[in-house]
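Analysis of the macromolecular model
The chain contents come next:
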Amino acid sequence: MPMASLREVDRQIIADAWTSDAAYELVERLCACGSRFPGTPGEREAAELLVAQMNRWGLSNVRLEPFEYPGWTRGSCQLDIVAPEEHQLPAISLPHTGTFDVEAEVVDVGYGTPALFDSMAAEIAGRIVLVDAKSPAYFRRGIHRMEKYGRAVAAGAVGFIWMRDQAGHLVETGALRPGAEIPGVAVTREDGLRIRRLLRQGPVRVRIRTDNVIEQRTSWNVVGELEGRDRPGEVILVGAHVDGHDIAVGAQDDASGTAVVMEAARLLSRHREVLGRTVRFVCFGAEELGLFGSHAYVAQHADELDQLKFMLNLDGAGREGDKGLALQGCIELIPYFRRVAADMKEPLLVDSNFGLHSDMYPFSLAGVPSGYLAVMEEVRTGRNWGHTAADTLDKVSPRWLRLDSMLVARLVLRMACWPEWPGRRRTRDEVRDLMEQLGFLEVLKYTGRMPFSEEGGAKA
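Note that the coordinates shown come from a computational prediction; the quantities given were computed from them, not determined experimentally. (Residues numbered from 1 in each chain as written. Predicted model: local features only at pLDDT ≥ 70, side-chain atom pairs only at ≥ 80, totals over all residues. Heavy atoms only, no water.)

1. Describing the pattern of salt bridges
Rules: By salt bridge we mean one thing: a side-chain nitrogen of Lys or Arg within 4 Å of a carboxyl oxygen of Asp or Glu. Secondary structure elements are defined from DSSP: runs of H or I of at least 4 residues count as helices, runs of E of at least 2 residues count as strands, and each element is numbered from the N terminus. Three labels apply to residues, based on accessible area from a 1.4 Å probe with only protein chains included: buried if under 20% of the type maximum, exposed if over 50%, partly exposed otherwise in between.
Throughout the structure, instances matching the rule amount to 39 salt bridges. In this structure, Asp21 and Arg402 form a salt bridge, with 2.6 Å as the shortest nitrogen-oxygen distance. Here Arg402 lies in helix α12 (residues 398-417) and Asp21 lies in the loop between α1 (3-18) and α2 (22-32), a separation of 381 residues in the sequence. Note that Asp230 is salt-bridged to Arg229, the shortest N-O span being 3.1 Å. With relative accessibility at 47%, the residue Arg229 sits in the partly exposed group. Through salt bridges with shared partners, one network takes in Arg7, Asp10, Asp343, Glu346, Arg410 and Arg414.

Take a look at the structure:
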């Protein structure tokens, strides 16, 4: 595509994005569907809404792609301090927790770093673990909830209490691994610190009772595309998850990300004649329970993955902050994206920062070059409003939705039109070597997501 024509399309995209309320209006409509948690009526309502929007904008091959996943429905949860005092604390079950009734002493493992778990292994066995949700800034990487839970199980804990790292009387939810072996419950920071103060005086005994429904269910990925003119078989995929957690409407996580995907689709649909490659837009289901939608997409499209040139994940797009592009280990693409950013006159930070817990991960695991949009120049140790009841519409900024939609549409325009794609798909052995180099093989062992056999090859 001639550079003059590209710049003219660029100007039209910028003007269209900056003067549109479409992204914010979609966030409003998604929030009106409720949490969109897998298995709720709002989940299906949101999926049908997205299908209608894709059809309205003239995308082709619009469809719902069903998949099976281990479903979960919240029931009752009770957390009681039994000794040295008697007191009931407000608590909620963490998703995948089944039906349990356990009573034991509490052991506080603080931030739950690997060293803390290892050093306290003898104290953890037979006890209920209290752990802070924070990944401390001094540690070399983030420590996900699933890893902390897995380490607690491996050490012989009989229960798991997840204490939010920020004050404000909010509980923070988040899934455990399917088939959770011990009960996991969440408490506010204030109540977690109450337990911690009691522990300074001596042993603390608590009782956890949970009763939740676990059953196999069906969810859907919403898919639509703009077919490429010159290389229609080569695909750039843009995605985000549409589901939220059941305790909130998930305005930022991830109605906003879904709205940016859809707004990029709307913006580019007006210029489909210039797209060299096909651009596919996917709104994934059941991400919050364990990336089930994106894993299903990769499995269902296994024979097409060689033609998938890049997967861009927008989980969290539309939130406040200048975004960077975090690549999933495919450092050969850093010069390319820096060149693209320079052409856009956009100060886009591009680097490699591999993530395991959002929808780009299954694609990276399959060797597909991928990355995600994120605020990269800050130290984040908590989720802010995410995964709490406070993730509401008032936290969403129309301005940042416009800015991120504009950025994504311009970026994808260039990816779709670039003459020769500079990336390549990695082999399974190369993926494993990368994970080993990054120190993630041990982490995956505790999250329940180990994709490789003990001998080093890929699992069947």
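2. Focus on the pairing of strand β10 (residues 277-284)
Rules: Strand pairing requires that DSSP identify at least two bridges connecting the strands. Convention used here: a crossover is right-handed provided that the path from the first strand, over the helix, to the second strand proceeds clockwise when the strands point away from the viewer.
Burial analysis of β10 places eight of its eight residues in the buried class, which makes it a mostly covered element. In terms of strand pairing, strand β8 (residues 205-226) meets β10 through five bridges, oriented antiparallel. For Val223, the partnering residue across the bridge sits in β10 and is Val282. Relative to β10, strand β9 (residues 231-241) runs parallel, the two sharing eight bridges. When the bridges of β10 are listed, Ile236 appears paired with Val279. You can see the chain leave β9, run along helix α8 (residues 251-269) and come back into β10, and the turn it takes is right-handed.

3. Comments concerning the nonpolar core
Across soluble globular proteins, nonpolar side chains show a tendency to be buried alongside one another. Selection criterion: What makes a nonpolar core is a set of buried Ala, Val, Leu, Ile, Met, Phe, Trp, Tyr and Cys residues whose side-chain atoms join them at distances within 4.5 Å. Contacts: residue pairs with any heavy atoms within 4.5 Å of one another.
If you look at the biggest cluster of nonpolar residues, it comprises 70 residues, and the most contacted ones within it are Phe281, Leu314, Phe337 and Met415. Looking at this core element by element, the count peaks at eleven residues for α12. With sequence-adjacent residues up to four places away left out, Phe337 is seen in contact with Phe310, Leu325, Leu327, Val350, Leu411, Met415 and Trp421. Counting 22 residues, the second-largest nonpolar core is a separate cluster that includes Val107, Met120, Val171 and Ala186.

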